[in-house]
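# Chain and residue survey
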2 protein chains.
Amino acid sequence: MTAHRLAQLYRDSLALATDLYQLTMACAYWKAGLAEHEAVFHLVFRKLPFGGGFCVACGLATVCDLLGGLRFSQDDLSYLAGLTAPDGSRLFEPEFLDYLRRLEFAVDVDGLPEGTPVFPQEPLVRVQGPLAACQILETPLLTILNFQTLVATKAARTWLAAEGQPILEFGLRRAQGLDGGVSASRAAYVGGCAATSNVLAGKLFDIPVRGTHAHSWVMCFDEEQEAFQTYAAAMPHNCVLLVDTYDTLRGVQRAADVGTQLETRGYRLSAIRLDSGDLATLSRAARRILDDAGLQATQILASGDLDEHLIAELKRRGAPIDTWGVGTRLATAYDQPALGGVYKLAALRAPGGVWQQRVKISDDPVKSTIPGIQQVRRIRRGGIPLCDVLWNTLDAPPATSDVPHAAPGRQPHAAAGLQPHAVGAVAPHAAPRSQPEAGGPAAMVDLHNPQQPLPVPPGEAQDLLVPVFRRGNLVYEPPPARVARQQTLRELERLPAGVKQLANAERYPVYLDQRLYELRERLRRMHQGEGSA
Amino acid sequence: MTAHRLAQLYRDSLALATDLYQLTMACAYWKAGLAEHEAVFHLVFRKLPFGGGFCVACGLATVCDLLGGLRFSQDDLSYLAGLTAPDGSRLFEPEFLDYLRRLEFAVDVDGLPEGTPVFPQEPLVRVQGPLAACQILETPLLTILNFQTLVATKAARTWLAAEGQPILEFGLRRAQGLDGGVSASRAAYVGGCAATSNVLAGKLFDIPVRGTHAHSWVMCFDEEQEAFQTYAAAMPHNCVLLVDTYDTLRGVQRAADVGTQLETRGYRLSAIRLDSGDLATLSRAARRILDDAGLQATQILASGDLDEHLIAELKRRGAPIDTWGVGTRLATAYDQPALGGVYKLAALRAPGGVWQQRVKISDDPVKSTIPGIQQVRRIRRGGIPLCDVLWNTLDAPPATSDVPHAAPGRQPHAAAGLQPHAVGAVAPHAAPRSQPEAGGPAAMVDLHNPQQPLPVPPGEAQDLLVPVFRRGNLVYEPPPARVARQQTLRELERLPAGVKQLANAERYPVYLDQRLYELRERLRRMHQGEGSA
């Protein structure tokens, strides 16, 4: 099943899942004759979460579900017609609502495939198309990509901490609404979790589901032993016993007795679950009890406010835990519950006109935005990523040895000649090549250390943004969550060890193509003049 | 409109929005002949979030939407039929799936009306009905009530910090999925926000929507002045100008120029918006610029990573800010993104049998659960809450002066005679009275200081849990979000000042009826025996 039911369900009013200011801006664009000007926006984050060294891109499949066929319904338009300004006047004129009725969101979207490691300043998606349509999409794109990328990243960190042991995601009860929970379960799986407790997410995205029983099962019986025996009798194929309802080690002994009985019936006690207390000490004691009972094959599952840091500590302490249940701290990204992704205008042009490239400046040079129509080139050697280079597809591609995959594809909106009087005007888009452009610029600049331009290193080069929508039509088939998860794990293996550290991670180098850097500096100087004029 | 569209949309697969272990437990209950035993669960949290002194109950309206008519669809059952245990065998037998097909969730739910201040150990909802049905509902109830109560509480704290100035909620782009964002916007409004930017939430729940323009509007023009003029021309009735795209105070001056032009056309510049920098210094300078231009009526709206603590600090520093835009930190409850609500079995009985009351024990006496079929009695004097008393509706109500509202109503499942041999067996349910029961016990115990039983103080007494579902039928009409918000603000005014402090808040006293306390101690001692036996 690739039809994502939630997406279908949402579609009716999805166009309203945006901030009001996107609609007031769209209205003002429309009145000012700008609504159909062609715009380019990039969705980027500026700072890595959790003190780590990477993010895992996630959410593109949901973007595909939600954007395809997006329209304002009559019901939505009636709602908007009733909105008023503070002075009681109508907020939107009927003519603008008629514009919205006809709006088809005929945009181009290029995005990072799910499971791709991504770093600050790199677009998770690039959106190109009519200004008003691009603007309205800002909020849903941010909602989807900010959160799913955050949770996939948290899951990947947890997977690294568990050193390949399976992680079960149990977070639905602490998630932000049911769909928040569904999104979290999906992203956690893409990020490396082995399974979820969330049955709806399991059904929608074909994610393995896992679970056995809770304290309330044990509390239904007068005695824990009876509770365990009854559960084992009812579920002999899927028997994980939660042992901490009363006294944990007494519970383990009772579970071991049940495990021995199961063996005589030809079944096996799959695992015990520890959910509280000092998990290192308890797991060692539990292991001994199980081993003494001849239950070497019975695993120990641990849960209870776990995250990557606690898992890493328990592993350092040698806790004989086999499987990790992670809930609240994963599904809410507890220690940093938001990725600060932003969606910024980078280029604009009138019909038949030339590209006006744009920046928003900040006192912090790293926080100023990057103009152009960007692509991310990753340079690898032996599969290991060396560095990334952000380049402007309005320039020729930087000279690197080869670009085997995911060349940016046609730029259907790109055209128009050079008009040297225009602000930031540049040469028309040069179609990307699968071979490096002879004589193309090959220097790159580190934003954190701009004094020293460097040559683009030789290696296998790949442009990461792939075409997803063209004029509103889906041209990409997002891989199922299972395949995206494999992609995550393959890429995590290849990342340099320093970048994967849970804390104090090394900075993975992201450069700007020198021409893009110089354009940005030119635009920044111009606007600093504007600011202080 | 009271039909909540999202709820309708979700309903198709809603019964699967639960943890797998609820279904494996339901299956094991069914096999063990327990599925139709009558159970009582309470959903409580144990610890107040954000270092504060109260929570605001929220989410009951969503519970009403989601539970009404809940069933497993054929499609859901087909999915469950395909699930396998670790050994490859079928997880659920066809006979159990047939049980699920017939399951009608014929439960009783009693809940705290939205906008009610609520404290640790007090049930947000009490669920009574067939054990398997109650168990499956655990996860969606926790998901809904944990998150909405958390965000409503955060919003109430923000409202307190802003001392009655309007707060606009802007959090959709950082929320957890679109429905996470819709839930957050609804809860933020119930908690005291004046409006949201989230148009979908505005439509679904009749919440005022607000918003004007973003940086990208300004970036579409070569000059900020032109951007402001064009926006003001397009939206003269709803003109709030964002002034920090380039240089904030230059931006304010340009906005003031546009404001002066608007006045000559008979309009008014509603506000300027500051979104970065030191908001205290900038707002003072901006106020001077606006006043010097004769724009005393133009307000200052501030945004940018605000929360209750920053707002309180800006107010202490005398920042002349009129309206507060709060996004990420509210919609994600950034400093504590999960409320640790749990859902615990408190009583159980076989058909025709007596109630077996239940506790889960913990080394920390406060963390042990509370048995019975609970009700929360709030004692007020002159409207001001003095204390709450948790009492067991299986006992007679505690003697307090009057119970004017929300008596617990009929207990349709309650019946059956005293059978003294049973564990925790008690007298059959005494129907609640609107008048205090003569001679009813009137002592209460503080869990934090159990040595000193106290008399229940005289005052106006109200039992807070109201009947919401009876045997699966909705018997409650949840007030619209606007009315729930009024309830929040009225109750916040009445709360003691110490309880409302943002940090180091006073503990609001919550007592146990002495009989309930003694029952709990009896059951705890029994299970400690079980634990150490």
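Residues numbered from 1 in each chain as written. Chains lettered and ligands numbered in written order. Predicted model: local features only at pLDDT ≥ 70, side-chain atom pairs only at ≥ 80, totals over all residues. Heavy atoms only, no water.

## Remarks on the overall build of chain A
- Looking only at helices and strands, chain A features 17 helices and 21 strands.
- A total of 533 residues make up chain A; the buried ones form 66% of that total.
- Within chain A, contacts between residues at least 6 apart in sequence are counted, and of these 77% link residues at least 24 apart.
- Carbon together with sulfur atoms contributes 50% to the accessible area of chain A, which is approximately 17,300 Å² in total. (Helix = DSSP H or I, 4+ residues; strand = E, 2+ residues; numbered from the N terminus. Buried < 20%, exposed > 50% of the residue type's maximum accessible area, 1.4 Å probe, protein only. Contact = heavy atoms within 4.5 Å. Areas by Shrake-Rupley, 256 points an atom, 1.4 Å probe, with all protein chains shown as cover.)

## Re the relation of the copies chain A and chain B
- When chain A is brought onto chain B, the operation consists of a screw motion whose angular component is 180° and whose axial shift is 0.0 Å, with 0.0 Å RMSD remaining. When the rotation and shift are considered jointly, the pair of chain copies conforms to a two-fold rotation axis. Residue G180 of chain A of chain A places its C-alpha closer to the rotation axis than any other residue of that unit, at 2.4 Å.
- Residue by residue, 100% of the interface of chain A is reproduced at the interface of chain B, so both copies engage with the same surface. (Least-squares fit on C-alpha atoms with pLDDT ≥ 70 in both.)

## Regarding the sheet that holds strand β10 (residues 299-302) of chain B
Residue and element names in this part refer to chain B.
- In space, the six strands of this open sheet follow the order β7-β6-β11-β10-β9-β8, with parallel pairing throughout. Two strands close off the open sheet at either side, each with one partner strand: β7 (195-196) and β8 (240-242).
- Bridge count for β10 against strand β11 (residues 323-326) is two bridges, and the pairing is parallel. Counted as the bridge partner of L301 is T323 from β11. (Pairing = 2+ DSSP bridges.)

## Focus: the interface of chain A and chain B
- Each partner contributes to the interface: chain A provides 115 residues, whereas chain B provides 116 residues.
- Summing both partners gives a buried area of about 9,900 Å² for chain A against chain B, and 60% of it is carried by carbon and sulfur.
- Across the chain A-chain B interface, the total number found is 10 salt bridges.
- Among the ionic pairs, K203 of chain B bridges to D75 of chain A, the shortest N-O distance being 2.9 Å.
- The element that contributes the greatest number of residues to the side of chain A that touches chain B is helix α2 (residues 20-31) of chain A, accounting for 10 residues.
- The class makeup of the residues in the side of chain A that touches chain B is 56 nonpolar, 34 polar and 25 charged. (Buried area = accessible area lost by both parts, 1.4 Å probe. Salt bridge = Lys/Arg side-chain N within 4 Å of Asp/Glu carboxyl O. Nonpolar A, V, L, I, M, F, W, Y, C, P; charged D, E, K, R; others polar.)

## Considering unusual backbone geometry
Residue and element names in this part refer to chain A.
- With a phi close to 50°, F105 is a non-glycine residue in the positive phi region.
- As for its position among the elements, F105 is in the loop between α5 (94-102) and β3 (108-111).
- F105 gets classed as buried once you look at its relative accessible area, which sits at 4%.

## Some points on helix α6 (residues 131-161) of chain A
Residue and element names in this part refer to chain A.
- The terminal C-alpha atoms of α6, which comprises 31 residues, lie 44 Å apart, in line with the 45 Å expected from a rise of 1.5 Å per residue.
- Of all the bends in α6, the greatest reaches close to 35° and is centred on E138; the proline P140 follows between one and four positions later.
- Across the 31 residues of α6, 30 count as buried, placing the element largely inside the fold.
- Downstream of α6 by a residue or two, E163 has a phi angle that is positive, lying close to 50°. (Expected span 1.5 Å × (residues − 1). Bend = angle between axes of the 7 residues up to and from the residue.)

## Structural notes on the pairing of strand β16 (residues 443-446) of chain B
Residues and elements named next belong to chain B.
- Burial along β16 is two-sided: the residues A443 and V445 and M444 and D446 are all buried.
- Note: β16 against strand β17 (residues 449-455), three bridges, orientation antiparallel. Its bridge partner being in β17, D446 is matched across the sheet by N449.
- Where β16 folds back on β17, the antiparallel hairpin that results is connected by two residues.
- Inspection of the sheet shows β16 paired to strand β21 (residues 510-513) by three bridges, in the antiparallel sense. Bridge assignment links M444 to a residue of β21, and that residue is D513.

## Things to note about the nonpolar core
- F72, L80, F92 and L100 of chain A together with I272 and W324 of chain B are the most contacted members of the largest nonpolar core, which has 164 residues in total.
- At 11 residues, α6 of chain A tops the list of elements feeding residues into this core.
- Discounting residues that sit within four places of it in the chain, I272 of chain B has contacts with V240, L241, V243, V252, A255, A286, L290, T298, Q299, I300 and L301 of chain B.
- By size, the runner-up hydrophobic cluster in this structure holds 163 residues, among which are F147, V199 and L502 of chain A together with A26 of chain B. (Core = buried A, V, L, I, M, F, W, Y, C linked by side-chain atoms within 4.5 Å.)

## Some thoughts on the sheet that holds strand β19 (residues 466-470) of chain B
Residues and elements named next belong to chain B.
- With antiparallel pairing, the seven strands of this open sheet are ordered in space as β13-β12-β1-β5-β3-β19-β20. This sheet does not close on itself; its edge strands, each paired only once, are β13 (356-357) and β20 (473-474).
- Sheet topology note: the β19/β20 ladder contains two bridges and is antiparallel. Residue pairing in the sheet places R470 in a bridge with N473 of β20.
- Seen against the sheet, helix α6 (residues 131-161) touches β1 (38-44), β5 (125-130) and β12 (342-349) and runs at an angle of roughly 155° to β5. (Axes fitted to C-alpha atoms, helices over the stretch in contact; angles between N-to-C directions.)

## Examining the environment of Y476 of chain B
Residue and element names in this part refer to chain B.
- With respect to the helices, strands and loops of the structure, Y476 is situated in the loop between β20 and α15 (481-494).
- Relative accessible area serves as the criterion here: at 18%, Y476 is assigned to the buried category.
- Those residues in contact with Y476 that lie beyond four places of it in its chain are L60, C64, P113, V466, P467 and V468.

## Here we look at the environment of E313 of chain A
Residues and elements named next belong to chain A.
- Residue position: E313 is located in helix α13 (residues 308-316).
- When its relative accessible area of 36% is taken as the criterion, E313 is described as partly exposed.
- E313 sits 152 residues away from A161 along the chain, and the two C-alpha atoms are 8.8 Å apart.

## Re the packing of aromatic side chains
- Evaluated as defined, the whole model comprises 18 aromatic pairs over all chains.
- A centroid spacing of 5.6 Å and a plane angle of 55° characterise the contact between W30 of chain A and F96 of chain A, whose relative ring orientation is tilted. Separated by 66 residues along the polypeptide, W30 of chain A in helix α2 and F96 of chain A in helix α5 bring together distant segments of the chain.
- Plain terms: the ring middles of F96 of chain B and Y99 of chain B are 6.1 Å apart, the flat faces sit at 25° to each other, and that makes the pair stacked. Residue F96 of chain B and its partner Y99 of chain B are both found in helix α5 (residues 94-102); the two are separated by three residues, about one turn of the helix. (Phe/Tyr/Trp six-rings, centres within 6.5 Å; stacked < 30°, edge-to-face > 60°.)

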